[in-house]
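A look at the structure
These are the residues of each chain, in order.
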Amino acid sequence: MSGLKRRDLLLAGAGVAAAGTLSAPMVHAQGTGGTLRCGFWDHWVPNGNVVMRELCAEWGRANRVDVQMDTVTSNGNQILLTINAQAQSRTGYDLMSFPAWEPSNHQRMLEPVDDVMRNLTQKYGAVTPAAEYLGKPGGNWVAIPAVAGTQLKPACVRFDLMQQHAGIDIRAMWPAQNAAGPTAGQWNWETFAKAAEACHKAGFAFGLPMGSFTDAVDWVGALFASYGAFLMDDKGAITVRNNAKLRAAVEMCVRISRFLPNDVWAWDDGGNNRALISGRSALVFNPPSAWAVAKRDAPQVAENCWTVPMPAGPEGRFAPYLPYFWGIWNFSRNKGAAKAFLEWLSDRAQAERQTNGSGGYDIPPFTSMSDFKVWETEGPPVGSVYNYPVRAHHNSRTSIAMAPAPAAMAVQMYNQGLNTKLIARIVQGGESVDQALGWVERELNTIRRGG
Amino acid sequence: MAADASMAPPMTPAPGSGRASTLQRLARRRSTIAVLMTTPLLVVLLGLVAYPAGYGIYLSTLNRRMTGFMEAEWLPTGLGNFEILFESETFWAVALQSCIFAITAVILKALIGFWLAHMLNDIPTKGQRKWRGMLLIPWVIPPALSTLGWWWMFDPSYSSINWLFQVVGIAEVPWLGEKWWARLSIIIVNVWYGAPFFMIMYLAALKSVPEQLYEAAAIDGASSWQRLRYVTLPMMANIISITVLFSLIVTFSNYDIVRVLTNGGPRDLTHVFASYAFQVGILSGNIPRGAAVSLFMFPILAICAFFVLRGVTRRNKEQM
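Note that the coordinates shown come from a computational prediction; the quantities given were computed from them, not determined experimentally.

This part is about the overall build of chain A. Of the regular secondary structure elements, chain A holds 20 helices and twelve strands. With respect to the principal axes defined by its C-alpha atoms, chain A has extents near 100 × 50 × 40 Å.

Take the sheet that holds strand β1 (residues 35-41) of chain A next. All names here are of chain A. Taken in spatial order, the five strands line up as β2-β1-β3-β11-β4 in an open sheet, and their pairing is mixed. Strand pairing shows two members of the sheet lacking a second neighbour, β2 (66-72) and β4 (144-145), which therefore form its edges. In this sheet, strand β3 (residues 95-99) lies alongside β1 in parallel orientation, the contact comprising two bridges. Residue Cys38 lies in a different strand from β3, and its bridge partner there is Leu95. Packed onto the sheet, helix α3 (residues 78-89) meets β1, β2 and β3 and runs at close to 125° relative to β3.

Under the domain assignment, chain B is made up of domain 1 (3-50) and domain 2 (89-319). Of note, the centres of domain 1 of chain B and domain 2 of chain B, computed from C-alpha atoms alone, are 44 Å apart.

This part is about the domain arrangement of chain A. Residues and elements named next belong to chain A. Considered domain by domain, chain A is made up of domain 1 (35-150 + 323-372) and domain 2 (152-322 + 386-448). Computed over C-alpha atoms, the centres of domain 1 and domain 2 are 28 Å apart. Listed by partner, the interface residues are 18 residues for domain 1 and 21 residues for domain 2. Only α4 (102-105) and α6 (129-135) provide two or more residues apiece to the side of domain 1 that touches domain 2. When residues in the side of domain 1 that touches domain 2 are grouped by element, the largest group, four residues, is from α6. Counted by class, the side of domain 1 that touches domain 2 contains eleven nonpolar, seven polar and no charged residues.

It is worth spelling out unusual backbone geometry at this point. Comment: phi is negative for the bulk of residues other than glycine, and the bulk of peptide bonds are trans. Residue and element names in this part refer to chain A. Following Gly379, the chain continues to Pro380 via a peptide bond in cis, the omega torsion being 0°. Position of Pro380 relative to the elements: it lies in the loop between α17 (374-377) and β12 (396-399). Residue Pro381 is reached from Pro380 by a cis peptide bond, and omega for that bond is -10°. Of note, Pro381 is situated in the loop between α17 and β12.

Attention now moves to the confidence of the model for chain B. Residues and elements named next belong to chain B. On average, residues of chain B score 88 in pLDDT, and 93% of them reach the 70 mark or higher. Contacts for the low-pLDDT stretch residues 1-6, under 50 throughout, to residues beyond four places or in other chains number seven contacts. Reported for the predicted complex are a pTM of 0.84 and an ipTM of 0.78.

Residues and elements named next belong to chain A. Where helix α7 (residues 159-166) contacts helix α9 (residues 189-201), the axes come no closer than 9 Å and their chain directions differ by 90°. Looking at the two axes, α7 sits roughly perpendicular to α9. Where α7 approaches α9, its residues Leu161, Met162, His165 and Ala166 are matched on the opposing element by Ala195, Ala198 and Cys199. When grouped by side-chain class, the residues that make up the contact of α7 with α9 number six nonpolar, one polar and no charged.

Definitions and limits used
Residues numbered from 1 in each chain as written. Chains lettered and ligands numbered in written order. Predicted model: local features only at pLDDT ≥ 70, side-chain atom pairs only at ≥ 80, totals over all residues. Helix = DSSP H or I, 4+ residues; strand = E, 2+ residues; numbered from the N terminus. Pairing = 2+ DSSP bridges. Contact = placed C-beta atoms within 7 Å. Axes fitted to C-alpha atoms, helices over the stretch in contact; angles between N-to-C directions. Domains from an automatic or database assignment. Nonpolar A, V, L, I, M, F, W, Y, C, P; charged D, E, K, R; others polar. pLDDT = per-residue confidence, 0-100. Parallel < 35°, antiparallel > 145°, perpendicular 65-115°, else oblique.

Structure follows, in structure tokens:
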């Protein structure tokens with residue numbers, strides 16, 4: 001024992017350790033598929049995260065991949081900050097949830113997913129148009145339209161107040177069945193404006209926000225689209241001057257906004273929810289989240305709510321669509337597993353589980369998936385959200401405000417709320433339509449310069 | 001003796017080692033020790049101030065996709081974002097609002113802080129601590145949290161202040177919906193949050209004014225206004241200047257109050273540089289232009305700092 005020195009012992013120990021390490025096979029945490037780090041959007045509906053965790057674990061077990069899931073909140077724009085930080089540092093998750101405009105913003109850093117989308121469209125048919133516009137900038141899919149977090153913003157109507165004050169039987173117009181009612185053809189912006197005036201007179205003004213948050217920009221965007229009114233075309237040319245369709249849309253929007261509560265110019269995305277839940281408003285444009293909260297906090301309000309498509313304009317009916325995407329960073333070390341996982345998540349069975357888990361809030365990107373049972377069975381009243389997804393008999397298309405402008409410019413127009421500010425300058429700022437259109441044209445020029 | 005020539009107390013050199021003794025001498029030099037002691041601070045300053053500032057300037061010169069320098073029409077290449085901002089109505093409205101907000105808020109905070117400091121200074125020491133603690137509460141609450149409380153009070157539909165107004169028969173106020181009311185709301189919250197800082201700084205300054213000066217002024221028959229004008233204010237001038245400068249910098253770069261209360265609305269009329277930079281840079285995905293917006297604060301604040309610090313230096317020289 002006296003012959004064994006401390007230095008010799010350390011050397012021998014290091015040699016054994018090194019030999020063991022070098023000769024050992026590469027063993028991953030759970031199996032041979034490695035680790036997949038996922039940053040999913042922190043769902044408003046608590047059960048939404050539970051379902052996603054179950055799906056991660058299920059797929060991970062089946063494929064021997066260690067799927068690590070974090071939830072990233074959109075409160076305080078945390079998800080945007082996380083995306084930008086990871087893009088700048090080129091490190092972070094393998095795959096993430098990307099809010100509507102982010103796939104376009106980060107397209108150079110995202111792994112193309114044309115192969116995944118090809119498989120999915122072969123199985124489930126076409127993707128809804130607005131998702132294609134946002135997820136396929138430059139002709140290639142850079143992210144997969146997600147189920148979790150994707151929402152539509154149709155009209156949530158207090159059918160009792162609408163009947164009483166505007167004389168419209170909204171449930172007969174849009175019943176909970178796969179066919180429109182006999183009066184559905186009358187559901188246009190002209191009818192809507194008259195109903196807005198009637199309900200305003202009765203003290204139940206429509207709760208339509210007019211600030212620069214998404215709920216405001218989205219409904220005004222859908223109205224503009226239904227008039228064929230666009231601020232910029234798909235080539236990036238400004239189309240404001242001498243645009244009769246734009247002027248007609250602006251005039252209709254100005255007309256409606258005069259029958260809204262005085263404070264809508266300061267509403268955030270919760271303003272319309274509060275208006276509905278408090279019983280002060282006869283109509284809001286929102287996903288069923290407002291109605292779901294009313295079920296808990298004001299059941300007498302929820303029992304009288306009915307979701308119907310947006311009113312139509314001269315150029316058709318458009319549903320405001322605000323999706324999330326699932327994207328794979330190009331610095332991911334496990335792109336193959338990420339693609340396989342996201343394709344599996346988008347399959348009908350998993351999509352339905354996500355939608356069910358969110359109480360019908362999550363909208364799948366494939367029009368063929370508009371028939372999930374959850375929208376028929378949720379209530380009270382049963383059938384209230386039957387018309388939440390876009391169904392064939394709605395004759396409606398999904399749209400996002402500022403489309404068809406190139407996404408790089410549309411995102412700036414959208415986040416600066418150019419359409420609602422245009423109306424606010426007229427109604428609140430006292431400018432003429434021409435002055436306000438002149439202002440928006442100058443703003444568009446500054447956005448266009450430098451792309 | 002010059003600092004770098006001075007030595008720490010001599011140590012016995014290792015016998016027969018010329019290299020070791022040179023190193024030891026170098027290590028014993030006070031300048032070497034000073035450099036070593038300040039290195040952590042320099043590293044922090046370079047890493048957390050100089051690098052982000054330099055990177056921000058670099059970002060502002062890039063195009064939206066950050067693939068090259070931003071082209072310009074009448075400014076050199078790389079300054080295109082600044083050129084676009086110069087030509088944007090919204091940006092000038094933001095610049096105007098930033099100035100209105102910062103200047104009004106700082107003046108109000110200084111006046112209220114000055115008044116509170118005097119009131120506190122007149123309270124006997126025993127009761128002063130209690131009041132001092134209570135008045136500091138707004139300053140120690142995280143602003144994002146307290147602003148949320150204010151937002152509930154200003155809420156467009158369910159404002160508790162408006163509810164109280166209704167009770168006493170006063171018309172409702174559109175706190176966040178009308179241009180000037182929204183601007184005022186933001187200033188109110190900033191003043192509520194920032195006035196205690198002025199108060200505590202001024203209170204410290206007041207306590208350092210020698211009592212003999214007031215006694216001499218009283219013997220000369222000075223009125224309370226004259227004592228304030230000719231004794232208190234000159235003695236507090238430097239601390240007032242420094243506090244105003246510090247507050248101006250913080251107020252100019254304020255973000256959370258605007259973001260929580262109005263999000264820049266109505267019609268971008270309450271945006272300040274920081275909130276607009278966030279909207280353009282992060283929300284709209286144009287990071288270089290957002291960086292250019294935020295850099296506009298720098299020359300304005302640099303000019304303010306130059307004049308304020310020059311005044312402080314002059315007064316110091318006069319007093320020496």
